[in-house]
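A structural walkthrough
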Amino acid sequence: MTIAKTSLGDIEGRIADGLHVFRGIPYAETTEGAWRFRPARRKTPWTGVLKALEPRAVAPQLQDVAYAMAGTSVEHLCNEDCLELNVWTPDVEGARPTMVYIHGGGYLYGSSHDEDYDGGALARAGDVVVVTINYRLGIFGHLYLGAKGGDEFRDSGTLSLLDQIEALRWVNANIAAFGGDPKNITIFGESCGGLSVSHLTASPLTKGLFQRMIAMSGAAAGRTEQIGADITAAIMKRANANTVADLQALGMKELLALQGWALAELGMAEGTFIPVIGPSSALPEDPLDLMAKGAGSDVDMMLGYTRDEMRYWEFYYPGLLDKPAASVRKWASDLFGNAGPKVLDTYARIRPNEKPGELACTIVGDIIFGYMSDQQALRHARHNPRTWMYRVDWRTSMLDGRLGSPHACELPFVFGSFDIPWGMKVAEHDTPGRRALLAAFQGAFLAFARTGNPNHAGIPTWNPYDKKDRTTMIFDATTESRINPARDGIALWDEIIGPDKVSESPRYFHFPVDEGYPTGETAEETANRLSAA
């Protein structure tokens, strides 16, 4: 047993494998009932000792492919009283660098309790404190109700972000009780967690809450107020709801059913429930515009992506990688208009060995993750040269190697989690290459968290990112630094999208598929489909 004495009360954890571990610590009050669709309320103090030994809850969500692949489900933990966090620390004494992780899952799925994000190995490797947090997802965290409910609901489209901010306030106030340094906090996240990290960096509400950020496959983007209002109107019509109170009166599962309907029918897939920009106090303007003006300039930035990001979506749309040339040509014409042929020709030169479906995935990934990361880094670097870019090129063996270096393949190389289903799919065998990449990539994260500079003895010299060189560290079994490795793609997107309109990039998150977004499967159904694929 171990005790942390916080400003809210004493918390009991357990000692495991040489670490002090605390799970399921509530950082805010419940969001149920009348508190649904409202900003989180700070947790009130308690008497006695709060036991933080097991996860209590996860944010309400539908079943996801990731859980199905792992043969697990979180349905039994879904609860609107879900705002909690976990802490792994070598000791409750001292003042260690603190790393706060924000999970991914398209703002629809996932939790701080997922085994992929167990912070034990990272805390041991770097003598750091690791924190993972829950936040509201999907319809509970992003349904913009300002147009219906007035000013008191203007923040309802960014509740995920406001939850994260409340968690960071908790960390600042209490992490010293866990052996962490409140003046040395790094936030890091992957996918929508990386997006969240970018939003937090731009937000006017986070000044002084953290000193460093690492955005893994997650440059800043969001929905406009009008699109958010349109989505809400469609959902309320479907629910026969006239007021916010009508939605608050629905059961959790009824709201999740509406979320599934919206994902399948509104044609926006994963972009349906993401933060709404404009009315919220957390994101009053486009986050990239805020960064261009100097928002977050006191925060050191590291960001990057994987070589084959969008091939991961083969799990959601079986056959995506094998789409025929005719389907891909039509897709390119629909998405890029008259520039469609030029886009396909350019990428056929960049990736000459890819099939049409694979090429479509590369194009979408290079816009959503590559080009947007480039543009975010350049905006930040104008005000803070401590800006670094990476790309992960580790090729997995999944689907006979066809996934290449997909979305989320870098996670095991941060958390050292190779003994769980996803880690084993990414790198099943303990090879010299796997060990080298773990040491290089995890080492860069730990060096950055400690000093704000990712350079360490295990990698080549890594220069900051700027418009002249666009230096990028390529992480693989052998790690190397390259000058502007994405130059041809960046030149194309500068012409077709343009730096001034990069915030419109989420509209390109579309694939050459006809079917709607898969939402209503059970874990068994999804596992069976993946096995067949």
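Coordinates for the structure precede this section.
Below you will find a few notes about this structure.

The rules behind each value
Residues numbered from 1 in each chain as written. Predicted model: local features only at pLDDT ≥ 70, side-chain atom pairs only at ≥ 80, totals over all residues. Heavy atoms only, no water. Pairing = 2+ DSSP bridges. Helix = DSSP H or I, 4+ residues; strand = E, 2+ residues; numbered from the N terminus. Salt bridge = Lys/Arg side-chain N within 4 Å of Asp/Glu carboxyl O. Buried < 20%, exposed > 50% of the residue type's maximum accessible area, 1.4 Å probe, protein only. Phe/Tyr/Trp six-rings, centres within 6.5 Å; stacked < 30°, edge-to-face > 60°. Lys NZ or Arg CZ within 6 Å of the ring centre and 35° of its normal. Axes fitted to C-alpha atoms, helices over the stretch in contact; angles between N-to-C directions. Parallel < 35°, antiparallel > 145°, perpendicular 65-115°, else oblique. Contact = heavy atoms within 4.5 Å. Nonpolar A, V, L, I, M, F, W, Y, C, P; charged D, E, K, R; others polar. Polar contact = N/O pair within 3.5 Å; in protein donor to acceptor, adjacent residues only side chain to side chain. Expected span 1.5 Å × (residues − 1). Bend = angle between axes of the 7 residues up to and from the residue.

**Points about the pairing of strand 15 (residues 480–483)**
- Relative to strand 15, strand 14 (residues 471–475) runs antiparallel, the two being bridged by four bridges. Bridging from a neighbouring strand, threonine 471 pairs with isoleucine 483 of strand 15.
- Turn length for the strand 14-strand 15 hairpin, with the two strands adjacent in sequence and antiparallel, is four residues.

**Observations concerning the pattern of salt bridges**
- For the structure on display, the rule yields 30 salt bridges.
- Salt-bridge contacts for arginine 14 lead to glutamate 54; the nearest nitrogen and oxygen are separated by 3.4 Å. With arginine 14 in strand 2 (residues 10–16) and glutamate 54 in the loop between strand 4 (49–51) and helix 1 (65–70), this pair connects stretches of sequence that are 40 residues apart.
- One salt bridge in this structure joins aspartate 151 and arginine 154, with 3.5 Å as the shortest N-O distance.
- Of the residues examined, arginine 154 reaches a relative accessible area of 31% and is grouped as partly exposed.

**Structural notes on the packing of aromatic side chains**
- Counted under the stated rule, the structure contains 29 aromatic pairs.
- With 5.6 Å between their ring centres and 75 degrees between their planes, tryptophan 313 and phenylalanine 509 make a pair best called edge-to-face. Of this pair, tryptophan 313 sits in the loop between strand 12 (300–306) and helix 11 (325–336) while phenylalanine 509 sits in the loop between helix 17 (487–496) and helix 18 (523–532), placing them 196 residues apart in sequence.
- According to the relative accessible area criterion, tryptophan 313 is buried, its value standing at 4%.
- The interplanar angle of 90 degrees and the centroid separation of 6.0 Å between the aromatic rings of tryptophan 331 and phenylalanine 336 together place this pair among those described as edge-to-face. An identical accessibility class is assigned to tryptophan 331 and phenylalanine 336; each is buried.
- Here the aromatic cluster, defined as three or more aromatic residues joined through ring pairs, consists of Tyr101, Tyr117, Phe188, Tyr390, Phe415, Phe441, Phe445, Trp462 and Phe475.
- Over the ring of tryptophan 35 we find arginine 41, and its NZ or CZ is 3.8 Å from the ring centre.

**Details of the packing of helix 13 (residues 356–381) against helix 17**
- Where helix 13 contacts helix 17, the two axes come as close as 10 Å, and the packing angle between them is 85 degrees. The orientation of helix 13 relative to helix 17 falls into the category roughly perpendicular. When helix 13 is examined against helix 17, the residues Ile363, Asp366, Ile367, Tyr371, Asp374 and Gln375 are found in contact with a partner set consisting of Ile490, Trp493 and Asp494.
- Looking at the contact of helix 13 with helix 17 residue by residue, the class counts come to five nonpolar, one polar and three charged.

**Focus on the side chain of threonine 232**
- Within the secondary structure, threonine 232 sits in helix 7 (residues 225–239).
- The exposure class assigned to threonine 232 is buried, which follows from its relative accessible area of 1%.
- Among the polar contacts made by the side chain of threonine 232, one reaches the main-chain carbonyl oxygen of tyrosine 144 at a distance of 2.6 Å.
- Residues in contact with threonine 232, not counting those within four places in the same chain, are Leu143, Tyr144 and Leu145.

**Digging into helix 13**
- Between its terminal C-alpha atoms helix 13 stretches 36 Å, which fits the 38 Å expected from 26 residues at 1.5 Å a residue.
- Where helix 13 bends most, at aspartate 366, the angle is about 40 degrees.
- Summarising burial for helix 13: 25 of the 26 residues are buried, a large majority.

This is a description of form; function is not addressed.
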